[in-house]
Amino acid sequence: MKMSQEIKYKFKELENRIKNGELDAMFEYAGLYQDSFPDSITPAIADKMVSYYTACMDAGNMTAALNLGAMYYGGEHIQQNYRKAIRYYEMATTSDDYGTQVRAWCNLGYCYYYGRDIPVDDEKAFNCYMHAVLLRDANALYKVGDMYRYGRFVKKDENMAMEFYKQAWNEVQDGTPPYSDICMRIGECALYGIGMEKDILLAVKMLARAEAATYEKISERDPFAPSLLPKIQKMLGEAKDQVEQALEL
(Lines give C-alpha, C1' and ligand atoms only; values in the text may rest on other atoms or scores of the structure.)
Protein backbone atom coordinates (compact mmCIF):
# COMPACT_ATOMS: atom_id res chain seq x y z
CA MET A 1 0.00 0.00 0.00
CA LYS A 2 1.39 3.38 -1.03
CA MET A 3 1.50 6.06 1.62
CA SER A 4 -0.73 9.04 1.03
CA GLN A 5 0.28 12.53 2.07
CA GLU A 6 -2.16 12.21 4.93
CA ILE A 7 -0.40 9.07 6.20
CA LYS A 8 3.02 10.67 5.82
CA TYR A 9 1.76 13.60 7.88
CA LYS A 10 0.44 11.10 10.45
CA PHE A 11 3.88 9.53 10.81
CA LYS A 12 5.46 12.96 11.25
CA GLU A 13 2.94 13.76 13.96
CA LEU A 14 3.68 10.45 15.70
CA GLU A 15 7.43 11.06 15.49
CA ASN A 16 7.01 14.41 17.21
CA ARG A 17 4.99 12.81 19.99
CA ILE A 18 7.58 10.04 20.31
CA LYS A 19 10.26 12.69 20.93
CA ASN A 20 8.21 13.66 23.95
CA GLY A 21 8.29 10.07 25.17
CA GLU A 22 4.64 9.24 24.47
CA LEU A 23 4.23 5.47 24.61
CA ASP A 24 0.88 5.54 22.82
CA ALA A 25 2.56 7.21 19.85
CA MET A 26 5.33 4.59 19.84
CA PHE A 27 2.78 1.77 19.81
CA GLU A 28 0.71 3.39 17.06
CA TYR A 29 3.82 4.12 14.93
CA ALA A 30 5.06 0.51 15.08
CA GLY A 31 1.58 -0.96 14.60
CA LEU A 32 0.81 1.23 11.61
CA TYR A 33 3.91 0.01 9.81
CA GLN A 34 3.38 -3.62 10.84
CA ASP A 35 -0.28 -3.79 9.86
CA SER A 36 -0.59 -1.42 6.91
CA PHE A 37 2.81 -0.65 5.39
CA PRO A 38 5.08 -3.73 5.75
CA ASP A 39 6.62 -3.06 2.33
CA SER A 40 7.91 0.30 3.60
CA ILE A 41 9.77 -1.17 6.57
CA THR A 42 13.51 -0.61 6.24
CA PRO A 43 16.11 -2.06 8.66
CA ALA A 44 16.21 1.31 10.44
CA ILE A 45 12.44 1.41 10.82
CA ALA A 46 12.42 -2.21 12.00
CA ASP A 47 14.92 -1.29 14.71
CA LYS A 48 12.66 1.57 15.78
CA MET A 49 9.66 -0.75 15.89
CA VAL A 50 11.49 -3.20 18.15
CA SER A 51 12.61 -0.36 20.40
CA TYR A 52 9.12 1.17 20.58
CA TYR A 53 7.34 -2.13 21.20
CA THR A 54 9.89 -3.00 23.89
CA ALA A 55 9.30 0.31 25.66
CA CYS A 56 5.54 -0.23 25.56
CA MET A 57 5.89 -3.82 26.73
CA ASP A 58 8.11 -2.77 29.65
CA ALA A 59 5.35 -0.33 30.62
CA GLY A 60 2.81 -3.18 30.75
CA ASN A 61 1.36 -3.18 27.22
CA MET A 62 1.06 -6.90 26.46
CA THR A 63 -0.27 -6.30 22.95
CA ALA A 64 3.15 -4.81 22.25
CA ALA A 65 4.68 -8.07 23.50
CA LEU A 66 2.41 -10.03 21.13
CA ASN A 67 3.36 -7.84 18.16
CA LEU A 68 7.04 -8.07 19.01
CA GLY A 69 6.70 -11.85 19.19
CA ALA A 70 5.11 -11.83 15.74
CA MET A 71 8.05 -9.85 14.34
CA TYR A 72 10.56 -12.38 15.67
CA TYR A 73 8.38 -15.31 14.60
CA GLY A 74 8.04 -14.08 11.01
CA GLY A 75 11.61 -12.84 10.69
CA GLU A 76 10.74 -10.73 7.66
CA HIS A 77 12.24 -7.44 8.80
CA ILE A 78 14.46 -8.60 11.67
CA GLN A 79 16.45 -11.76 12.27
CA GLN A 80 14.07 -14.63 12.96
CA ASN A 81 14.24 -15.85 16.54
CA TYR A 82 11.60 -18.34 17.63
CA ARG A 83 12.82 -18.45 21.22
CA LYS A 84 12.31 -14.73 21.59
CA ALA A 85 8.92 -15.06 19.92
CA ILE A 86 7.91 -17.73 22.43
CA ARG A 87 9.03 -15.59 25.35
CA TYR A 88 7.00 -12.63 24.16
CA TYR A 89 3.97 -14.77 23.36
CA GLU A 90 4.10 -16.20 26.88
CA MET A 91 4.09 -12.68 28.28
CA ALA A 92 1.13 -11.75 26.06
CA THR A 93 -0.98 -14.63 27.45
CA THR A 94 -1.24 -12.61 30.67
CA SER A 95 -2.90 -9.69 28.87
CA ASP A 96 -6.25 -8.35 30.06
CA ASP A 97 -7.17 -7.78 26.42
CA TYR A 98 -9.29 -10.63 25.02
CA GLY A 99 -7.93 -10.48 21.47
CA THR A 100 -4.30 -10.28 22.58
CA GLN A 101 -4.67 -13.22 24.95
CA VAL A 102 -6.36 -15.40 22.31
CA ARG A 103 -3.74 -14.72 19.66
CA ALA A 104 -0.91 -15.29 22.13
CA TRP A 105 -2.21 -18.70 23.23
CA CYS A 106 -2.80 -19.76 19.63
CA ASN A 107 0.61 -18.56 18.46
CA LEU A 108 2.26 -20.44 21.32
CA GLY A 109 0.39 -23.53 20.24
CA TYR A 110 1.89 -23.21 16.76
CA CYS A 111 5.38 -22.98 18.21
CA TYR A 112 4.98 -26.23 20.17
CA TYR A 113 2.99 -28.01 17.43
CA TYR A 114 5.61 -27.40 14.74
CA GLY A 115 8.67 -27.30 16.99
CA ARG A 116 9.75 -23.79 16.12
CA ASP A 117 13.38 -23.96 17.28
CA ILE A 118 12.24 -26.10 20.22
CA PRO A 119 11.30 -29.79 20.46
CA VAL A 120 7.78 -30.61 19.28
CA ASP A 121 5.55 -30.89 22.35
CA ASP A 122 2.04 -32.02 21.46
CA GLU A 123 0.78 -31.83 25.04
CA LYS A 124 1.83 -28.19 25.38
CA ALA A 125 0.47 -27.41 21.91
CA PHE A 126 -2.91 -28.96 22.77
CA ASN A 127 -3.11 -27.09 26.09
CA CYS A 128 -2.24 -23.78 24.43
CA TYR A 129 -4.82 -24.30 21.69
CA MET A 130 -7.45 -25.25 24.26
CA HIS A 131 -6.95 -21.97 26.12
CA ALA A 132 -7.84 -20.20 22.86
CA VAL A 133 -10.65 -22.67 22.06
CA LEU A 134 -12.35 -21.75 25.31
CA LEU A 135 -12.35 -18.19 23.99
CA ARG A 136 -13.93 -19.42 20.72
CA ASP A 137 -10.92 -18.73 18.51
CA ALA A 138 -11.40 -20.11 14.98
CA ASN A 139 -7.69 -20.69 14.46
CA ALA A 140 -7.30 -22.77 17.60
CA LEU A 141 -10.50 -24.69 16.87
CA TYR A 142 -9.25 -26.01 13.55
CA LYS A 143 -5.82 -26.79 15.00
CA VAL A 144 -7.41 -28.90 17.74
CA GLY A 145 -9.34 -30.55 14.91
CA ASP A 146 -6.01 -31.37 13.29
CA MET A 147 -4.75 -32.95 16.49
CA TYR A 148 -7.79 -35.23 16.65
CA ARG A 149 -7.52 -36.00 12.95
CA TYR A 150 -3.91 -37.16 13.17
CA GLY A 151 -3.95 -38.47 16.75
CA ARG A 152 -1.45 -36.05 18.19
CA PHE A 153 -1.58 -36.12 22.01
CA VAL A 154 -5.25 -37.19 21.81
CA LYS A 155 -6.63 -40.44 20.40
CA LYS A 156 -7.21 -40.25 16.65
CA ASP A 157 -10.86 -39.44 15.96
CA GLU A 158 -11.81 -38.13 12.52
CA ASN A 159 -15.42 -37.50 13.57
CA MET A 160 -14.24 -35.32 16.44
CA ALA A 161 -11.85 -33.56 14.07
CA MET A 162 -14.75 -32.71 11.77
CA GLU A 163 -16.76 -31.36 14.72
CA PHE A 164 -13.94 -28.96 15.54
CA TYR A 165 -13.65 -27.94 11.88
CA LYS A 166 -17.38 -27.18 11.86
CA GLN A 167 -17.06 -25.10 15.02
CA ALA A 168 -14.14 -23.25 13.45
CA TRP A 169 -16.27 -22.53 10.38
CA ASN A 170 -19.01 -21.11 12.61
CA GLU A 171 -16.52 -18.73 14.24
CA VAL A 172 -14.32 -17.69 11.30
CA GLN A 173 -14.78 -14.49 9.33
CA ASP A 174 -14.05 -14.17 5.62
CA GLY A 175 -10.80 -12.30 5.05
CA THR A 176 -9.17 -13.39 8.31
CA PRO A 177 -5.99 -15.54 8.22
CA PRO A 178 -7.57 -18.88 9.26
CA TYR A 179 -10.39 -18.66 6.68
CA SER A 180 -8.45 -20.38 3.88
CA ASP A 181 -7.13 -23.11 6.20
CA ILE A 182 -10.59 -23.95 7.51
CA CYS A 183 -12.10 -23.98 4.02
CA MET A 184 -9.30 -26.28 2.85
CA ARG A 185 -9.84 -28.76 5.68
CA ILE A 186 -13.60 -28.95 5.27
CA GLY A 187 -13.17 -29.28 1.50
CA GLU A 188 -10.63 -32.06 1.94
CA CYS A 189 -12.86 -33.92 4.39
CA ALA A 190 -15.83 -33.59 2.03
CA LEU A 191 -13.74 -34.79 -0.92
CA TYR A 192 -12.36 -37.92 0.77
CA GLY A 193 -15.11 -38.65 3.30
CA ILE A 194 -13.01 -37.90 6.37
CA GLY A 195 -15.22 -37.67 9.45
CA MET A 196 -18.28 -37.21 7.22
CA GLU A 197 -19.99 -38.65 4.17
CA LYS A 198 -18.37 -37.69 0.88
CA ASP A 199 -19.93 -34.52 -0.53
CA ILE A 200 -18.27 -33.54 -3.80
CA LEU A 201 -20.30 -30.37 -4.34
CA LEU A 202 -19.35 -29.16 -0.86
CA ALA A 203 -15.75 -30.06 -1.60
CA VAL A 204 -15.74 -27.94 -4.77
CA LYS A 205 -17.33 -25.00 -3.00
CA MET A 206 -14.99 -25.03 0.01
CA LEU A 207 -11.81 -25.72 -1.96
CA ALA A 208 -12.63 -22.91 -4.40
CA ARG A 209 -12.99 -20.58 -1.42
CA ALA A 210 -9.73 -21.86 -0.02
CA GLU A 211 -7.94 -21.23 -3.32
CA ALA A 212 -9.19 -17.63 -3.60
CA ALA A 213 -8.38 -16.88 0.04
CA THR A 214 -4.90 -18.38 -0.32
CA TYR A 215 -4.16 -16.12 -3.29
CA GLU A 216 -5.13 -13.20 -1.04
CA LYS A 217 -2.75 -14.41 1.66
CA ILE A 218 0.05 -14.73 -0.89
CA SER A 219 -0.59 -11.15 -2.01
CA GLU A 220 -0.30 -10.13 1.63
CA ARG A 221 3.08 -11.92 1.81
CA ASP A 222 2.01 -14.72 4.10
CA PRO A 223 5.17 -16.90 4.22
CA PHE A 224 3.30 -20.21 4.49
CA ALA A 225 0.54 -19.68 1.91
CA PRO A 226 2.54 -20.44 -1.30
CA SER A 227 3.28 -24.00 -0.19
CA LEU A 228 -0.42 -24.72 0.43
CA LEU A 229 -1.69 -23.49 -2.94
CA PRO A 230 -0.62 -26.53 -5.04
CA LYS A 231 -2.28 -28.93 -2.58
CA ILE A 232 -5.52 -26.95 -2.66
CA GLN A 233 -5.50 -26.75 -6.45
CA LYS A 234 -4.82 -30.48 -6.79
CA MET A 235 -7.77 -31.36 -4.56
CA LEU A 236 -10.00 -28.82 -6.30
CA GLY A 237 -9.11 -30.39 -9.65
CA GLU A 238 -10.01 -33.84 -8.30
CA ALA A 239 -13.32 -32.57 -6.96
CA LYS A 240 -14.23 -30.88 -10.26
CA ASP A 241 -13.35 -34.02 -12.20
CA GLN A 242 -15.62 -36.09 -9.97
CA VAL A 243 -18.48 -33.61 -10.40
CA GLU A 244 -18.10 -33.70 -14.18
CA GLN A 245 -18.06 -37.49 -14.17
CA ALA A 246 -21.16 -37.64 -12.01
CA LEU A 247 -22.97 -35.22 -14.33
CA GLU A 248 -21.56 -36.99 -17.40
CA LEU A 249 -20.22 -33.74 -18.83
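Calculation notes
Residues numbered from 1 in each chain as written. Predicted model: local features only at pLDDT ≥ 70, side-chain atom pairs only at ≥ 80, totals over all residues. Heavy atoms only, no water. Helix = DSSP H or I, 4+ residues; strand = E, 2+ residues; numbered from the N terminus. Buried < 20%, exposed > 50% of the residue type's maximum accessible area, 1.4 Å probe, protein only. Contact = heavy atoms within 4.5 Å. Axes fitted to C-alpha atoms, helices over the stretch in contact; angles between N-to-C directions. Left-handed = near helix turned anticlockwise from the far one by under 90°. Expected span 1.5 Å × (residues − 1). Disulfide = S-S within 2.5 Å. Phe/Tyr/Trp six-rings, centres within 6.5 Å; stacked < 30°, edge-to-face > 60°. Lys NZ or Arg CZ within 6 Å of the ring centre and 35° of its normal. Core = buried A, V, L, I, M, F, W, Y, C linked by side-chain atoms within 4.5 Å. Polar contact = N/O pair within 3.5 Å; in protein donor to acceptor, adjacent residues only side chain to side chain.

(A) The overall build of the protein chain, seen in detail. Regarding its fold elements, the protein chain presents twelve helices and zero strands. The helix and strand sequence of the protein chain, counted from the amino end, reads α-α-α-α-α-α-α-α-α-α-α-α. Overall size of the protein chain, expressed as C-alpha extent along the three principal axes, is 70 × 40 × 30 Å. When the 249 residues of the protein chain are sorted by exposure, 45% land in the buried category. The long-range share in the protein chain, meaning contacts at least 24 apart out of those at least 6 apart in sequence, stands at 47%.

(B) View of the packing of helix α8 (residues 138-150) against helix α10 (residues 178-192). At their nearest, the axes of α8 and α10 sit 9 Å apart, and the two run at 35° to each other. Remark: the crossing between α8 and α10 carries left-handed chirality. In contact with Ala 138, Asn 139, Tyr 142, Lys 143, Asp 146 and Arg 149 of α8, α10 contributes Pro 178, Asp 181, Ile 182, Arg 185, Glu 188 and Cys 189.

(C) Structural context of helix α3 (residues 43-58). Look at α3: 22 Å from first C-alpha to last across 16 residues, which is about the 22 Å you get at 1.5 Å a residue. Downstream of α3 by a residue or two, Gly 60 has a phi angle that is positive, lying close to 105°.

(D) The arrangement of the state of the cysteines in detail. Using the criterion set out here, one finds zero disulfides in the structure. Free cysteine: Cys 106, not disulfide-bonded; nearest cysteine sulfur from Cys 128 at 9.3 Å. A residue is classified by how much of its surface remains accessible, and Cys 106, at 2% relative accessible area, is buried. Between Cys 128, a cysteine without a disulfide, and Cys 111, which holds the nearest cysteine sulfur, the sulfur-to-sulfur distance is 8.6 Å. For Cys 128, a relative accessible area of 6% translates into the label buried.

(E) Geometry of unusual backbone geometry. Positive phi values are uncommon outside glycine, yet Asp 117 reaches one of about 70°. When you line up the elements, Asp 117 lands in the loop between α6 (98-114) and α7 (122-133). Unusually for a residue other than glycine, Arg 136 sits at a positive phi of about 65°. By the secondary structure assignment, Arg 136 is in the loop between α7 and α8. A residue is classified by how much of its surface remains accessible, and Arg 136, at 36% relative accessible area, is partly exposed.

(F) How the structure looks around the packing of aromatic side chains. On inspection of all chains with the given rule, the structure shows 17 aromatic pairs. Each ring, one from Phe 11 and one from Tyr 29, has its centre 5.3 Å from the other, and the planes form 80°; the classification is edge-to-face. Of this pair, Phe 11 sits in helix α1 (residues 5-19) while Tyr 29 is found in helix α2 (residues 23-36), placing the two residues 18 residues apart along the sequence. Here the aromatic cluster, defined as three or more aromatic residues joined through ring pairs, consists of Phe 11, Tyr 29, Tyr 33, Phe 37 and Tyr 52. We note Arg 87 situated over the ring of Tyr 88; from NZ or CZ to the ring centre the distance is 5.1 Å. The ring of Tyr 113 carries the charged tip of Lys 143 above its face, separated from the ring centre by 4.1 Å.

(G) Focus on the environment of Asp 199. Tracing the chain through its elements places Asp 199 in the loop between α10 and α11 (200-219). Sequence separation of Asp 199 and Ser 95 is 104 residues, and the distance between their C-alpha atoms is 42 Å.

(H) Representation of the nonpolar core in the model. By size, the foremost hydrophobic cluster in this structure holds 86 residues, and its most contacted members are Phe 11, Tyr 29, Tyr 33 and Tyr 129. Considering each element in turn, this core owes the most residues, nine residues, to α6. Setting aside its immediate chain neighbours within four residues, Tyr 29 contacts Phe 11, Leu 14, Glu 15, Ile 18, Ile 45, Lys 48 and Tyr 52.

(I) How the structure looks around the side chain of Ser 95. On the secondary structure map, Ser 95 appears in the loop between α5 (82-92) and α6. The exposure class assigned to Ser 95 is buried, which follows from its relative accessible area of 8%. A distance of 2.9 Å separates a polar side-chain atom of Ser 95 from the backbone nitrogen of Asp 97. Setting aside its immediate chain neighbours within four residues, Ser 95 contacts Met 62, Thr 100 and Gln 101.

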